[in-house]
Amino acid sequence: MSDADREIQERARRFVDDELIPHEVEAEMQGGRLPDDVREKHHRMAIDLGLWAMNMPKELGGGGLSMFQQVLVSEQIGRVTNALGWCVHTPAAWAPAVVSAEQLERWIVPTIRGDRHECYAITEEGAGSDVDAIEATARRDGDVYVLNGTKMHVTSFSSADYVFFQAKIDGGPNAGSHAMFFVDEDTPGVRLVREPAYTHTFADTHAVVAFDDVRVPMTNLIGEEGDGLGFTYEWFRYERLMIAARCCGAAERLVDEATAFAKERVQFGSPIIENQAIAHMLADSVTELWAARLMTYELAKNVDRGVDLKVQHAQCSMVKLYASEMAGRVADRAVQIFGGRGYMRENVAERFWREVRVDRIWEGTSEIQRNIVADQLAKRGVRTLAG
Ligand SMILES: Cc1cc2nc3c(=O)[nH]c(=O)nc-3n(C[C@H](O)[C@H](O)[C@H](O)COP(=O)(O)OP(=O)(O)OC[C@H]3O[C@@H](n4cnc5c(N)ncnc54)[C@H](O)[C@@H]3O)c2cc1C
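To keep things clear, this report deals only with the structure shown in the data block. (Residues numbered from 1 in each chain as written. Predicted model: local features only at pLDDT ≥ 70, side-chain atom pairs only at ≥ 80, totals over all residues. Heavy atoms only, no water.)

1. Here's the deal with the layout of surface pockets
So, step 1. Taken as a whole, the second largest pocket spans an internal volume of roughly 370 Å³.
So, step 2. Forming the boundary of the second largest pocket are 17 residues, of which Met67, Glu234, Tyr238, Val303 and Gln312 lie nearest the centre.
So, step 3. Here the element with the most residues in the lining of the second largest pocket is helix α6 (residues 228–264); it accounts for five residues.
So, step 4. For the lining of the second largest pocket, the class distribution of residues is ten nonpolar, four polar and three charged. (1 Å grid on protein atoms, 1.4 Å probe; cavity = no way out; pocket = protein on both sides within 12 Å on 5 of 7 lines; lining within 4 Å. Points joined across faces, edges and corners; volume = space filled by probe spheres on them. Helix = DSSP H or I, 4+ residues; strand = E, 2+ residues; numbered from the N terminus. Nonpolar A, V, L, I, M, F, W, Y, C, P; charged D, E, K, R; others polar.)

2. What to know about the site of the ligand
So, step 1. Taken together, 17 residues sit near the ligand, with Thr123, Ser129, His153, Thr365 and Glu367 positioned nearest.
So, step 2. Interatomic distance of 2.7 Å between a side-chain N/O atom of threonine 123 and a nitrogen atom of the ligand.
So, step 3. Asparagine 371 places a polar side-chain atom, nitrogen or oxygen, 3.2 Å from a nitrogen atom of the ligand.
So, step 4. Protein contacts shield 63% of the accessible area of the ligand, which totals 980 Å² for the unbound molecule.
So, step 5. When contributions to the shell around the ligand are tallied by element, the ones reaching two or more residues are β3 (144–155) and α10 (366–380).
So, step 6. Each residue belonging to the shell around the ligand can be placed in one class, and the counts come to seven nonpolar, eight polar and two charged. (Near = heavy atom within 4 Å. Polar contact = N/O pair within 3.5 Å; in protein donor to acceptor, adjacent residues only side chain to side chain. Areas by Shrake-Rupley, 256 points an atom, 1.4 Å probe, with all protein chains shown as cover.)

3. With respect to helix α1 (residues 3–20)
So, step 1. The end-to-end C-alpha separation of α1 is 25 Å, in line with the 26 Å expected for 18 residues at 1.5 Å each.
So, step 2. Taken together, the buried positions of α1 are occupied by Asp5, Ile8, Gln9, Ala12, Phe15, Val16, Glu19 and Leu20. One side of α1 holds all its buried residues, which, seen down the axis, span an arc of 140 degrees. Opposite the buried face of α1, by more than 90 degrees, sit the exposed residues Asp3 and Asp18.
So, step 3. The inward-facing, buried residues of α1 abut α2 (24–29), α3 (36–48), α4 (67–77) and α7 (276–305). (Expected span 1.5 Å × (residues − 1). Buried < 20%, exposed > 50% of the residue type's maximum accessible area, 1.4 Å probe, protein only. Arc of directions from axis to C-beta. Contact = heavy atoms within 4.5 Å.)

4. What about the nonpolar core?
So, step 1. Formed by 87 residues in total, the largest nonpolar core has its most connected members in Val73, Trp94, Ile108, Phe164, Leu241 and Ile337.
So, step 2. At 19 residues, α6 tops the list of elements feeding residues into this core.
So, step 3. Non-local contacts of phenylalanine 164, meaning those with residues more than four positions away in its chain, are made with Ala92, Trp94, Ile108, Glu118, Cys119, Tyr120, Ala121, Met180, Phe181, Phe182 and Ile222. (Core = buried A, V, L, I, M, F, W, Y, C linked by side-chain atoms within 4.5 Å.)

5. What about the pairing of strand β5 (residues 178–184)?
So, step 1. Of all seven residues that make up β5, seven are buried, and the element is covered over most of its length.
So, step 2. Where strand β4 (residues 162–169) lies against β5, seven bridges are found, and the strand directions are antiparallel. Of the residues in β5, the one forming a bridge with valine 163 is valine 183.
So, step 3. Across two bridges, the pairing between β5 and strand β8 (residues 221–222) is antiparallel. Counted as the bridge partner of phenylalanine 181 is leucine 221 from β8. (Pairing = 2+ DSSP bridges.)

6. A word on the state of the cysteines
So, step 1. If you walk through the whole model with that rule in mind, you get zero disulfides.
So, step 2. The thiol of cysteine 87 is unpaired, and the distance to the nearest cysteine sulfur, on cysteine 247, comes to 18 Å.
So, step 3. Summary of cysteine pairing: cysteine 248 is not part of a disulfide, and the nearest cysteine sulfur, belonging to cysteine 247, is at 7.2 Å.
So, step 4. What makes cysteine 248 buried here is its relative accessible area of 1%. (Disulfide = S-S within 2.5 Å.)

7. Topic: the environment of threonine 137
So, step 1. Looking at the element boundaries, threonine 137 is found in strand β2 (residues 137–141).
So, step 2. Among all residues touching threonine 137, those that are not within four sequence positions of it are Val146, Leu147, Asn148, Phe165, Ala167, Lys168 and Asp170.

Coordinates in, geometry out; function isn't part of it.
Okay, structure coming up:
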């Protein structure tokens, strides 16, 4: 790590320790929500500390951090529960290279400033892992596109003001190909269907949203007809690496807190850490954390070095798979070490135990990550993927 790397890591760590972690239990007890003034303070601080939009180019007002530095920050963000770390928002890093000048000004630059907020509407009832199975359509009608479809699990729809909407082109020379659109949420025909309850306690919901004959100008199309899936894959790669980083952060916090508890908690006259059964759970957890962290850091550096995109694709799947499953094991052990306290919602292990579960599902399930890794292994060999 360079001095600059250490400095940004420390800046993020202090923000998490001093400003976010103290609000976790309050958020848990209030359905994930904090008072507006506290949320606003966190939002402003994330911007002032240079953590907001850390992944966006400096010339557009972003942080311009290297991928390695972004991983260091995301790891710290992963140490806090209840998604309080989401105040450190990373907009769509793939967008500046592909959007038009008008789109940049209207959606991307205001998002980097923190004035606008996006969400992603890709998944549908019949299309989850199989993104190509989406039934949402985009049909040209003169100089507008007419969008139709119902999306589910749309994270942050209620706090966002525009949507990245993925559909298949209906008619014309590119019929059946994927396309991505900017859709302002106040466009007629965009309708919140419901906000189901999920396992974690987050302020942000995951909505079902209907798009009924939503008419958007042709200028809302991102890139060309047929480009949509490529943007989604780029976003997946980025998010998979950041999920791995956040899982490392979660595991560090869990090992830290469980070790402190095991040293203090006395049963049968001695601290429970003196029982090999407890000590070994901690030893396994810290060992697996180290392995996941090394993988994650190495991949981030590979991305900064510009390694082949297909190799990156496989390695992003490898780190997401390993780190998310590692965090699940560590959280489960931590609950066990805390005993009955570990089953209480005011306990950090209980919250993480529920929260890290989704890391094995979103942005591609563990099974899908294994499919990607196996496919790349067959094509490129072990030395390319793990050399
Ligand atoms: C909290 C949360 C937030 C989300 N946020 C968003 C969002 O903002 N925007 C968005 O568009 N989507 C979002 N998603 C959707 C998420 O990406 C999908 O849930 C995920 O891709 C899995 O799709 P699915 O749930 O339909 O499961 P399915 O694809 O139906 O899979 C069900 C099971 O079958 C397995 N399976 C499927 N295919 C294969 C295969 N080929 N080989 C082996 N096993 C297989 C899966 O691994 C899984 O175990 C979110 C999901 C959650 C839970």
